[in-house]
Amino acid sequence: MKLKIGVVLTAILCCLVGIQINRSYAAADSAATQQTTVDSTTNTTSTEEAEASEETSAQAPVEEEKPGFIQVIKAKIIDGGVAFMGVVLICLILGLTVAIEKVILLNLSSTNVTQLLNTFKDALQNGGIENVKETAALEKGPVASIVAQSLIRTDEGIAGVEKSIESYGSAEVTKLEKGMSWISLFISLAPMFGFMGTVIGMIDAFGTIKQSADIKIGEVAGGIETALLTTAAGLVVAVILQTFYNYCQSKIEDITTQLEDGANGFINLLISSKKLS
């Protein structure tokens, strides 16, 4: 289900990018057509009108509108080649989909261990083991989950509860790490596709040099620019996803520590209360 959501989001964003790129091409064609019409009209005017227009332009220069951030990004995608830049963009979208979902789940899994153990202590004093079972079932988070599962084996005593906590604790840690491999995959793929675009751009540039007897820098600048843009895009995507990856890893370590503290605290609580032997 998660993969389907990611694919749908990717398809939607790719369509939006394609629409924006097509609009950019259409706008460029329209601008070129308007410029041609203006040039044609200017050529039919008299010399006096042209001189007057030049004087007016010199007196009141028109400030060019600076392109916005989105326009710059679209231009760079087009300059870098839609094929490889599109693949790098897909890696970014899918990687962010998994990473953001993981960040939300990890933050929801975080537990205040001290407060939870106090809740279990009150439940144990007021209603015994059965009351703790009901309380743990109502609480959220991996710590409460392993406590609830471990109390199923209360007939085996403290030893049975400890073994149950150990086994369910390992399962909870595995759940926390689920999906991290996908983020790592997209971190690796993005710069790889960027470097592949670099290699192909350089091949095109040197091919142009080879076929031309009198080479000019402008003839190979396009291929070199494509190569550098795809590399930069791949590295930017890798840096973004790596930041999310490191954050998720730190949260997993924190929650793992919470699991250990919660498990040890609950075992000590059972021993001190002498409810189990």
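Just so you know, these numbers come straight off a predicted model, no measurement behind them.

1. Describing the overall build of the protein
Then comes step 1: Along the protein, the regular secondary structure elements total 9 helices and 0 strands.
Then comes step 2: From first element to last, N terminus to C terminus, the protein shows the α and β order α-α-α-α-α-α-α-α-α.
Then comes step 3: Taking the intrachain contacts of the protein between residues at least 6 apart in sequence as the baseline, contacts between residues at least 24 apart amount to 80%.
Then comes step 4: With an accessible surface of roughly 17400 Å², the protein has 61% of that area assigned to carbon and sulfur atoms.

2. Considerations on the packing of aromatic side chains
Then comes step 1: Evaluated as defined, the whole model comprises 2 aromatic pairs.
Then comes step 2: Relative to Phe266, the ring of Phe120 lies with its centre 5.7 Å away and its plane at 70°, an arrangement referred to as edge-to-face. Of the two residues, Phe120 sits in helix H5 (residues 113-138) while Phe266 sits in helix H9 (residues 217-273), which places them 146 residues apart along the sequence.
Then comes step 3: Judged by its relative accessible area of 1%, Phe266 falls in the buried class.

3. Some points on the pattern of salt bridges
Then comes step 1: Under the criterion given, the structure shown has 2 salt bridges.
Then comes step 2: The salt bridge partner of Lys133 is Glu130, with a shortest N-O separation of 3.5 Å. Separated by 3 residues within a single helix, Lys133 and Glu130 lie in helix H5, roughly one turn from each other.
Then comes step 3: In this structure, Glu172 engages Lys175 in a salt bridge whose closest nitrogen and oxygen atoms are separated by 3.9 Å. Within this pair, Glu172 and its partner Lys175 are both found in helix H7 (residues 157-177), separated by 3 residues, close to a single helical turn.
Then comes step 4: For Glu172, a relative accessible area of 12% puts it in the buried group.

4. Brief notes about the side chain of Lys102
Then comes step 1: If you trace the backbone, Lys102 turns up in helix H4 (residues 82-109).
Then comes step 2: For Lys102, the residues in contact, after removing those within four places along its chain, are Lys175, Leu176, Glu177, Lys178, Met180 and Cys248.

5. Here we look at the packing of helix H6 (residues 142-150) against H7
Then comes step 1: Where H6 meets H7, the closest approach of the two axes is 8 Å, and the angle between their N-to-C directions is 140°. Here H6 is positioned oblique relative to H7, judged by the angle of their axes. Every pair of crossing elements has a handedness; the one defined by H6 and H7 is right-handed. Contact with H6, carried on its side by Pro142, Ser145, Ile146, Gln149 and Ser150, involves Val161, Ser164, Ile165, Tyr168, Gly169 and Glu172 of H7 and no other residues of that element.
Then comes step 2: Of the residues belonging to the contact of H6 with H7, the class tally is 5 nonpolar, 5 polar and 1 charged.

6. Details of the nonpolar core
Then comes step 1: Counting 45 residues, the largest nonpolar core has Phe120, Val132, Val147, Ile165, Phe266 and Leu270 as its most contacted members.
Then comes step 2: Elements that contribute at least two residues to this core include exactly H4, H5, H6, H7, helix H8 (180-211) and H9.
Then comes step 3: Residues contacting Val132, with those up to four places away along its chain left out, are Phe120, Ala123, Leu124, Leu151 and Phe266.

7. Let's talk about the confidence of the model for the protein
Then comes step 1: Here the protein averages 74 in pLDDT, while 65% of its residues score no lower than 70.
Then comes step 2: Summarising per-element confidence for the protein, the mean pLDDT is lowest in helix H1 (residues 2-44) (46) and highest in H4 (88).
Then comes step 3: Note on residues 1-11: pLDDT under 50 across the span, and 10 contacts to partners over four residues away in sequence or across chains.
Then comes step 4: Contacts for the low-pLDDT stretch residues 24-48, under 50 throughout, to residues beyond four places or in other chains number 3 contacts.

8. With respect to the packing of H5 against H6
Then comes step 1: The geometry of H5 relative to H6 is characterised by a closest axis approach of 12 Å and an angle of 40° between their N-to-C directions. For H5 against H6, the interelement crossing comes out right-handed. Residues Leu116, Phe120, Ala136 and Ala137 of H5 pack against Val143, Ala144, Val147 and Ala148 of H6.
Then comes step 2: By residue class, the composition of the contact of H5 with H6 is 8 nonpolar, no polar and no charged.

Reading guide: rules and limits
Residues numbered from 1 in each chain as written. Predicted model: local features only at pLDDT ≥ 70, side-chain atom pairs only at ≥ 80, totals over all residues. Heavy atoms only, no water. Helix = DSSP H or I, 4+ residues; strand = E, 2+ residues; numbered from the N terminus. Contact = heavy atoms within 4.5 Å. Areas by Shrake-Rupley, 256 points an atom, 1.4 Å probe, with all protein chains shown as cover. Phe/Tyr/Trp six-rings, centres within 6.5 Å; stacked < 30°, edge-to-face > 60°. Buried < 20%, exposed > 50% of the residue type's maximum accessible area, 1.4 Å probe, protein only. Salt bridge = Lys/Arg side-chain N within 4 Å of Asp/Glu carboxyl O. Axes fitted to C-alpha atoms, helices over the stretch in contact; angles between N-to-C directions. Parallel < 35°, antiparallel > 145°, perpendicular 65-115°, else oblique. Left-handed = near helix turned anticlockwise from the far one by under 90°. Nonpolar A, V, L, I, M, F, W, Y, C, P; charged D, E, K, R; others polar. Core = buried A, V, L, I, M, F, W, Y, C linked by side-chain atoms within 4.5 Å. pLDDT = per-residue confidence, 0-100.

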